[in-house]
Amino acid sequence: QVQLVESGGGLVQAGGSLRLSCVASGMIFSINVMGWYRQAPGKQRELVAAITSGGSTNYADSVKGRFTISRETDKNTVYLQMNSLKPEDTAVYYCNIEASTYFSGKNYRNYWGQGTQVTVSS
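These numbers were taken from a predicted model, which means no experiment stands behind them. (Residues numbered from 1 in each chain as written. Predicted model: local features only at pLDDT ≥ 70, side-chain atom pairs only at ≥ 80, totals over all residues. Heavy atoms only, no water.)

Regarding the pairing of strand β3 (residues 18-26)
Phase 1 of the analysis: Sheet topology places strand β1 (residues 2-7) next to β3; six bridges connect them, and they run antiparallel. Bridging across to β3, L4 finds its partner in A24.
Phase 2 of the analysis: Across six bridges, β3 lies against strand β8 (residues 77-82) in antiparallel orientation. Note on β8: the bridge partner recorded for C22 is V78. (Pairing = 2+ DSSP bridges. Helix = DSSP H or I, 4+ residues; strand = E, 2+ residues; numbered from the N terminus.)

Next comes the structure, spelled out in C-alpha cells:
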C-alpha cells in the first residue's frame, strides 16, 4: 500500500512562484520514477516533469526553463519548483510515482496523489 500526500498549491499572480511537494509513504521497496502531471479543465492530463532513480529529468516543453523537479530520495519526497508562472499553468497538479512494494516482488505500479490546485491569475 502506497500513499502520496501533495501540498503547496494555491493562488498566485502571473510571474510568481510556487513550490509543490509530494511525500510518498507506505510499504515502498523501490521507486523508479517520481513525477508531476497536470490537468486543466477540458484538457487531458499531461506530464509536466519527471525524475528517475538515477537522477535523469524530463520536462514538458512548455515548462522548460521555468520549472525544476528535485527529490530527497531518503525521504521519498519529490518537489516541483515553479517560477515565472503563467495563466496557462493553471491546473490540478498530480504527483505520480512508479514503485514496487514489499509485497509486489518485481512488479512496479503507478500511484497517484489526490491533486493540488494551482491557479495563476493575470
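A closer look at the environment of Y102
Phase 1 of the analysis: As for its position among the elements, Y102 is in the loop between β9 (91-101) and β10 (109-112).
Phase 2 of the analysis: Put simply, Y102 and I28 are 74 residues apart on the chain and 6.2 Å apart in space, counted from C-alpha to C-alpha.

Some words on the state of the cysteines
By definition, a disulfide is the covalent link that joins the sulfur atoms of two cysteine residues.
Phase 1 of the analysis: This model, assessed by the stated rule, comprises one disulfide.
Phase 2 of the analysis: Two residues, C22 and C95, share a disulfide whose sulfurs are 2.1 Å apart. As the torsion about the S-S bond is roughly -85 degrees, the C22-C95 disulfide counts as left-handed. Here C22 is found in strand β3, whereas its partner C95 is found in strand β9, with 73 residues between them in sequence.
Phase 3 of the analysis: For C22, a relative accessible area of 0% corresponds to the buried category. (Disulfide = S-S within 2.5 Å. Buried < 20%, exposed > 50% of the residue type's maximum accessible area, 1.4 Å probe, protein only.)

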